Amino acid sequence: MTLTRPLKKGFKDMLAEANAVIEAISVHAALDLLGDANVLFVDVREAHEYAAGMVPGSFHAPRGFLEFLADPECPMHKPELARATKIILFCATGGRSTLAAKTLIDMGYSNVFNLLGGVAAWKAANGPLTTANQQA
């Protein structure tokens, strides 16, 4: 299918709008929070990406399901999201988690952060990663 007119809003516009209202956190600051019981690391990558390596203790909420998992009125709701004092979202490089952070803010969540550079930056900083077998 080809669009016959330009998009009203492209991904660059959406990222710029999201970046204007969300807070970002550096990998080094996030590493200092790893293991803090009040902080929830939320991985919005797809299942195959998550299975390849995850931040220890992170919660998997694929971007396509985030709204359903975050809404207490939805049967798919995951209470882990509502209990966290601070939520740090991440994806492979930061784009999807930027949009995800804005989504949670729009839904009424507060204290939501986007991990700058995502898993790529996490790996570059030698942040720990584990597999599903190691987390079980």
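First, a word on what this report is: a plain description of the structure on this page. Here the structure is a predicted model, which means the values were calculated and not measured. (Residues numbered from 1 in each chain as written. Predicted model: local features only at pLDDT ≥ 70, side-chain atom pairs only at ≥ 80, totals over all residues. Heavy atoms only, no water.)

Check the secondary structure of the protein and you find eight helices and five strands. Overall, the protein shows an N-to-C arrangement of helices and strands of α-β-α-β-α-β-α-α-β-α-β-α-α. In summary, the protein has a C-alpha radius of gyration of 15 Å against a globular reference of 14 Å for 136 residues, a match within 12%. Expressed along its principal axes, the backbone C-alpha trace of the protein runs to roughly 50 × 35 × 30 Å. A buried classification covers 38% of the 136 residues belonging to the protein. Counted over contacts in the protein with a minimum sequence separation of 6, partners at least 24 positions apart contribute 66%. Total accessible area computed for the protein in this model is approximately 7,800 Å², and 56% of it derives from carbon and sulfur atoms. Averaging the positions of the 12 positive and the 13 negative side-chain charges in the protein gives two centres separated by 6 Å. (Helix = DSSP H or I, 4+ residues; strand = E, 2+ residues; numbered from the N terminus. Rg over C-alpha atoms; globule rule 2.2 N^0.38 Å. Buried < 20%, exposed > 50% of the residue type's maximum accessible area, 1.4 Å probe, protein only. Contact = heavy atoms within 4.5 Å. Areas by Shrake-Rupley, 256 points an atom, 1.4 Å probe, with all protein chains shown as cover. Lys, Arg positive; Asp, Glu negative; His and termini not counted. Charge placed at Lys NZ, Arg CZ, Asp CG, Glu CD.)

This part takes up the pattern of salt bridges. One pass over the full model with this rule turns up five salt bridges. With a shortest N-O distance of 2.9 Å, Arg-96 and Glu-49 are connected by a salt bridge. You can see Arg-96 sitting in helix α6 (residues 95-107) and its partner Glu-49 sitting in helix α3 (residues 47-52), a full 47 residues away along the chain. By relative accessible area, Glu-49 is classed as buried at 19%. (Salt bridge = Lys/Arg side-chain N within 4 Å of Asp/Glu carboxyl O.)

When we look at a pair of aromatic rings, we describe it by the centre distance and by the angle of the planes. One pass over the full model with this rule turns up one aromatic pair. Centre to centre, the rings of Phe-41 and Trp-122 are 5.9 Å apart; their planes meet at 65 degrees, and the pair counts as edge-to-face. Taken together, the residues span a long stretch of sequence, with Phe-41 in strand β2 (residues 39-43) and Trp-122 in helix α7 (residues 118-124) at a distance of 81 residues. For Trp-122, a relative accessible area of 0% gives the class buried. (Phe/Tyr/Trp six-rings, centres within 6.5 Å; stacked < 30°, edge-to-face > 60°.)

The next subject is the side chain of Asn-114. You can see Asn-114 is positioned in strand β5 (residues 112-115). Within the structure, Asn-114 has its side chain in polar contact with the side chain of Thr-98 (distance 3.0 Å). Excluding anything up to four places from it in sequence, Asn-114 contacts Ile-22, Glu-23, Ala-24, Ile-25, Leu-89, Gly-94, Ser-97 and Thr-98. (Polar contact = N/O pair within 3.5 Å; in protein donor to acceptor, adjacent residues only side chain to side chain.)

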